[in-house]
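Tertiary structure, described
Residues per chain, in single letters:
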Amino acid sequence: MIYADRNTGVIIGGATGNQGSFHMARMNQYAQQVGGKGVVAGVTPGKGGREVNGVPIYDSYSDAVREHDASAAVIFVPGSAAGDSVMEAADAGLDLAVVITEHIPVHDVMRAVSYAGIRGCRVIGPNCPGILSPGEINMGIMPVHLASQGNVGVISRSGTLTYEVVHELTRSGIGQSSIIGIGGDPVIGQTFADVIENFTNDPLTRAVVILGELGGNLEEEGARDADLPVVAFIAGTTAPPDKRMGHAGAIVTGGEGDANAKIARLRDMGIPVADRLSEIPAIIKRVL
Amino acid sequence: MKLKEYEAKTILEKAGIRIPRGLCIKKGSSQDFQLSPDIPRMVVKAQVEVAGRGKAGGILMADANNLKESVNSLFQANIKGIPVQEILIEERLEILHEYYLSITIDRKNKAPVILFTSEGGVEIEEVAKRKPDAIRTASVYPLLSTVPGFTLRYLLNGAPKEISGVIQALYNVFIEKDALLAEINPLVMTPDGLYAADAKLILDDNALFRQGIEENRDLSEHEREACAHGFSLVELDGNIGVIGNGAGLTMATVDLITRMGGKPADFLDVGGGADRNRVAKAVRLLGAMPDISVILVNLLGGITRCDEVAIGIIEAGVPQQIIVRLAGTNEAEGKELLSSRGYQMLDTMEEAVSAAVEVAS
């Protein structure tokens, strides 16, 4: 497993909100099942001193880490304040921030990821389902019952697409080491390349599935230097081209976006790309 | 959200970038507009968001004698299918040289990136093809408030130093307005100094709330309604309605329909944790689209309750046939509710897509 394990103490940012409190309970339920540390504290400014589902709430991350042994945050704070929450978590000394929140302004994401980097805090997401390492830790919103323990790593830009593939893998008897949702936004913290590097150094992981989408070229960037067998699926082959970033964006990355071009580039590198999700388990069995 | 040329220029002017003198007129408004009498030659520009606007006939040259005819004829025109509602009339500049300047987001470096070339005035992808070395690009570390001097020197590559001020001013606009793209093409050198002859600004939809913009104009009526319910909708031109949860799964469903020979009518992502009301609204939204002959619901979620989804589908009560693939909490209850009322339920995404394609063909 990568990024976290059962001994990781977790703080929930936005713990008193609907989403935060609901998923905090699920994470702790999972921690109980696997004998993990789970969520040790929650943070919501102005609501310190309360308890939610038996977890103490603090006004700030620094208050929480003073009282508890924690190294990671899972953030559910609304988009307008989520960038700030990432920086605060990094400032308090946490070394991992998993950002579930969607619709964060991209300028906030750029600043927060930069700032966290200076503070030695890795960011996963935003707009992601988090991390699930079956049998170890649940740090996010993935449906844990679909996953099973094993040695295939999964990296994805999308939530439900990940669940679909994990479901297919489990049904085919292929377990997962860690499932990492890196998020669907234009700017994210950990990229395919970063996560693949972590999987490469993980003794448990023997192959990686990457689930990409149209937009950018980070799938190819990540797969290019992989030392592990990689199998890819790219969604959005029939989507109308997104012209919002205009031609300047395409020039920066050299042909940004189109899903079919992305698939062609991956195949040129010798990476098998599944045309359908249902083909992934068979391809994984072949490369293992 | 895309801003129109005149809106973008107003913002640039406030930031200290010079723009040509001019005025914007709306279709149907009074034709008694008055330009300053010391402007002998004008450019008449349709305010439409299309690439290659000039080549498509959206820009006319005029003088005091034929200005009104030019304006009238442009208001009658369709530029690449888009009717002209607003026209910007500007003084024609005396061009000594044209530059290209833009700022966008660099996904790889997770930072703003500035593009500059002295080969301006044509479409930038032309320059990229013909003379790629002429375009200089430089990222700016997101925690810096100004563009560093070394970055400006690198970008200019010998071009006049006063362009530095324009780059810094455009960078300020890019940051303050939460832009995804800020572009000046061409940036024109005249005997009187630098002017932004054309400008583009695209704002981050996720930041409109702090830019004082209440409504995203780029959305169609259906898309706006979807947005109000927290859905994400893109209208396509087929006859199979698609409802999914999560952008990736919904997109993969649309892809699979196409791969199996069907024609998706839309991309509708209901988002996470959809309850009966959200599902009913989504189904009704598609049910009201006349071209849709069958609706495919493909929902997978750990937290989406299938019985809620089933009730939503039933309550929507639309005339089209609905094919459902559900997986998640309370799956058995959901399936029971739907199949007892005659809805077609399928276990896998492929089976469901295949059934929908068959019904629609």
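Nothing here was measured: the structure is a model prediction, and the numbers come from that model.

Cut-offs used in this document
- Residue numbering note: each chain is counted from 1, following its sequence as written.
- In the order they appear in the text, chains get letters beginning with A and ligands get numbers beginning with 1.
- Totals for whole chains, interfaces and linings use all residues, but because this is a predicted model, local features are given only for residues with pLDDT of at least 70 and pairs of side-chain atoms are given and counted only at 80 or more.
- Secondary structure elements follow DSSP: runs of H or I no shorter than four residues count as helices, runs of E no shorter than two count as strands, and numbering proceeds from the N terminus.
- For this measure, only C-alpha atoms enter the radius of gyration; the expected value for a globule follows 2.2 Å times N^0.38, where N is the number of residues.
- Partly exposed residues are those whose C-beta has more than 12 but fewer than 20 other C-beta atoms within 10 Å; 20 or more makes a residue buried and 12 or fewer makes it exposed, with C-beta atoms placed from the backbone.
- Placing a C-beta atom from the backbone of each residue, one calls two residues in contact when those atoms lie within 7 Å.
- Here the term charged refers only to Asp, Glu, Lys and Arg, the term nonpolar to Ala, Val, Leu, Ile, Met, Phe, Trp, Tyr, Cys and Pro, and the term polar to all other amino acids, Gly among them.
- Throughout the structure description, domain borders are defined by an automatic or database domain assignment.
- For two strands to count as paired, DSSP must find a minimum of two bridges between them.
- Simply put, an axis is a line fit to the C-alpha atoms, just over the touching stretch for a helix, and the angle between two N-to-C directions goes from 0 to 180 degrees.
- The cut-offs work like this: below 35 degrees is roughly parallel, past 145 is roughly antiparallel, 65 to 115 is roughly perpendicular, and the gaps in between are oblique.
- To count as a nonpolar core, a set of buried Ala, Val, Leu, Ile, Met, Phe, Trp, Tyr and Cys residues must be joined through C-beta atoms within 7 Å.
- pLDDT runs from 0 to 100 and stands for how confident the predictor is about each residue.
- The arc in question is traced by the directions running from the helix axis to the C-beta atoms.

**With respect to the overall build of chain B**
- From N to C terminus, chain B includes eleven helices and 18 strands.
- Relative to the globule expectation of 21 Å for 361 residues, the C-alpha radius of gyration of chain B, 26 Å, shows a markedly less compact shape.
- Taking the principal axes of the C-alpha coordinates as reference, chain B spans close to 80 × 50 × 40 Å.
- Classification of the 361 residues of chain B by burial places 44% in the buried group.
- Taking all contacts inside chain B whose residues are at least 6 apart in sequence as the whole, residues at least 24 apart take part in 66%.

**Description of the interface of chain A and chain B**
- Across the boundary between the two partners, chain A contributes 48 residues, which contact 46 residues of chain B.
- For the side of chain A that touches chain B, the elements supplying multiple residues, two or more each, are helix H3 (79-91), helix H4 (106-118), helix H5 (160-171), strand S12 (207-213), helix H7 (218-224) and helix H8 (246-253) of chain A.
- The residue makeup of the side of chain A that touches chain B, split by class, is 22 nonpolar, 18 polar and eight charged.

**Looking at the domain arrangement of chain B**
- For chain B, the assigned domains are domain 1 (21-91), domain 2 (97-210) and domain 3 (221-360).
- Summarising the inter-unit geometry, the C-alpha centres of domain 1 of chain B and domain 3 of chain B are found 45 Å apart.

**Thoughts on the pairing of strand S12 (residues 199-203) of chain B**
Residue and element names in this part refer to chain B.
- Among the five residues in S12, four count as buried, and that is most of the element.
- Sheet analysis places strand S10 (residues 179-190) next to S12, joined by five bridges and oriented antiparallel. Among the inter-strand pairings, Ile 184 is bridged to a residue of S12, identified as Ala 199.

**Digging into the packing of H5 of chain A against helix H7 (residues 247-259) of chain B**
- With their axes 5 Å apart at the nearest point, H5 of chain A and H7 of chain B run at an angle of 70° to one another. By the angle between their directions, the pair H5 of chain A and H7 of chain B is classed as roughly perpendicular. Contacts between H5 of chain A and H7 of chain B involve Thr 160, Leu 161 and Glu 164 of chain A from the former and Gly 248, Leu 249 and Ala 252 of chain B from the latter.

**A word on the nonpolar core**
- Formed by 198 residues in total, the largest nonpolar core has its most connected members in Ile 11, Ile 75, Val 86, Leu 94, Ala 97 and Val 98 of chain A together with Leu 170 of chain B.
- It is S10 of chain B that provides the largest number of residues to this core, a total of eight residues.
- Ignoring any residue separated from it by four or fewer positions in sequence, one finds Val 86 of chain A in contact with Ile 75, Ala 97, Val 99, Ala 112, Ala 116 and Val 123 of chain A.
- Membership of the second largest hydrophobic core comes to twelve residues, among which are Met 42, Val 43, Ala 46 and Ile 87 of chain B.

**Here we look at the packing of helix H9 (residues 306-316) of chain B against helix H10 (residues 331-339) of chain B**
Residues and elements named next belong to chain B.
- At a minimum axis distance of 7 Å, the contact between H9 and H10 shows a crossing angle of 20°. Put simply, H9 runs roughly parallel to H10. Judged by residue contacts, Cys 306, Asp 307, Val 309, Ala 310, Ile 311, Ile 313 and Ile 314 of H9 engage Glu 331, Glu 333, Gly 334, Leu 337 and Leu 338 from H10.
- Looking at the contact of H9 with H10 residue by residue, the class counts come to eight nonpolar, one polar and three charged.

**Comments concerning the domain arrangement of chain A**
Residues and elements named next belong to chain A.
- In terms of domain boundaries, chain A breaks down into domain 1 (10-124) and domain 2 (142-287).
- Using only C-alpha atoms to locate each centre, domain 1 and domain 2 end up separated by 26 Å.
- The interface is formed by eight residues belonging to domain 1 together with eight residues belonging to domain 2.
- Within the residue set of the side of domain 1 that touches domain 2, elements represented by two or more residues are H4 and strand S7 (122-124).

**Description of unusual backbone geometry**
- Of note, the amide linkage connecting Gly 125 of chain A to Pro 126 of chain A takes the cis form, showing an omega dihedral of 10°.
- Looking at where Pro 126 of chain A falls in the secondary structure, it is placed in the loop between S7 and strand S8 (130-133).
- A positive phi angle is found at Asn 53 of chain A, which is not glycine, with a value near 50°.
- Considering the arrangement of structural elements, one finds Asn 53 of chain A in the loop between strand S3 (51-52) and strand S4 (55-58).
- The phi angle at Lys 110 of chain B is positive, at roughly 55°, despite the residue not being glycine.

**Examining the sheet that holds strand S1 (residues 22-26) of chain B**
Residue and element names in this part refer to chain B.
- The strand order across the open sheet built from four strands is S1-S6-S2-S3, with neighbouring strands paired in antiparallel fashion. The strands lining the two open edges of the sheet, one partner per strand, are S1 and strand S3 (59-63). Neighbouring strand axes in the sheet, compared pairwise and without regard to direction, differ in orientation by 25° on average.
- Sheet analysis places strand S2 (residues 41-46) next to strand S6 (residues 86-91), joined by five bridges and oriented antiparallel. Each bridged residue has a counterpart across the sheet, and for Val 43 the counterpart in S6 is Glu 90.

**Focus on the environment of Asp 192 of chain B**
Residue and element names in this part refer to chain B.
- By the secondary structure assignment, Asp 192 is in the loop between S10 and strand S11 (193-196).
- Residue Asp 192 is classed as exposed on the basis of its C-beta count, with 10 C-beta atoms lying within 10 Å.
- Taking the C-alpha atoms as reference points, Asp 192 and Glu 94, 98 residues apart in sequence, are found 8.8 Å from one another.

**Focus: the sheet that holds strand S9 (residues 137-140) of chain A**
All names here are of chain A.
- Pairing within the open sheet is mixed, and its six strands lie in the order S9-S8-S11-S10-S12-S13. Looking at strand neighbours, the two that pair on one side only are S9 and strand S13 (230-235), the edges of this open sheet. Averaged over neighbouring strand pairs, the angle between their axes works out to 15° when direction is ignored.
- Of the strand pairs in this sheet, S8 and S9 are connected by four bridges, and their pairing is antiparallel. Within the sheet, the bridge partner assigned to Leu 132 lies in S9 and is Asn 138.
- Here helix H6 (residues 192-200) sits on the sheet in contact with strand S10 (149-156), strand S11 (176-181) and S12, set at roughly 165° to S10.
- This element, helix H9 (residues 259-268), spans S12 and S13 of the sheet and lies at about 165° to S13.

**Some points on the confidence of the model for chain B**
- With 99% of its residues at a pLDDT of at least 70, chain B reaches an overall mean of 91.
- Both confidence scores are given for the complex: pTM 0.92, ipTM 0.91.

**Let's talk about the environment of Val 318 of chain B**
Residue and element names in this part refer to chain B.
- Within the secondary structure, Val 318 sits in the loop between H9 and strand S17 (321-329).
- For the pair Val 318 and Lys 9, spaced 309 residues apart in the sequence, the C-alpha separation amounts to 47 Å.
- In contact with Val 318, other than residues within four places in its own chain, are Val 283, Arg 284 and Gly 287.

**Overview of helix H1 (residues 5-14) of chain B**
All names here are of chain B.
- Looking at H1, one finds that the buried residues are Glu 5, Ala 8, Lys 9 and Leu 12. Seen end-on, H1 carries its buried residues on one side only, within an arc spanning 100°.
- Contact partners of the buried residues in H1: S2, S6, helix H5 (163-176), S11 and S12.
- Following H1 by one or two positions, Gly 16 adopts a phi angle in the positive range, close to 100°.

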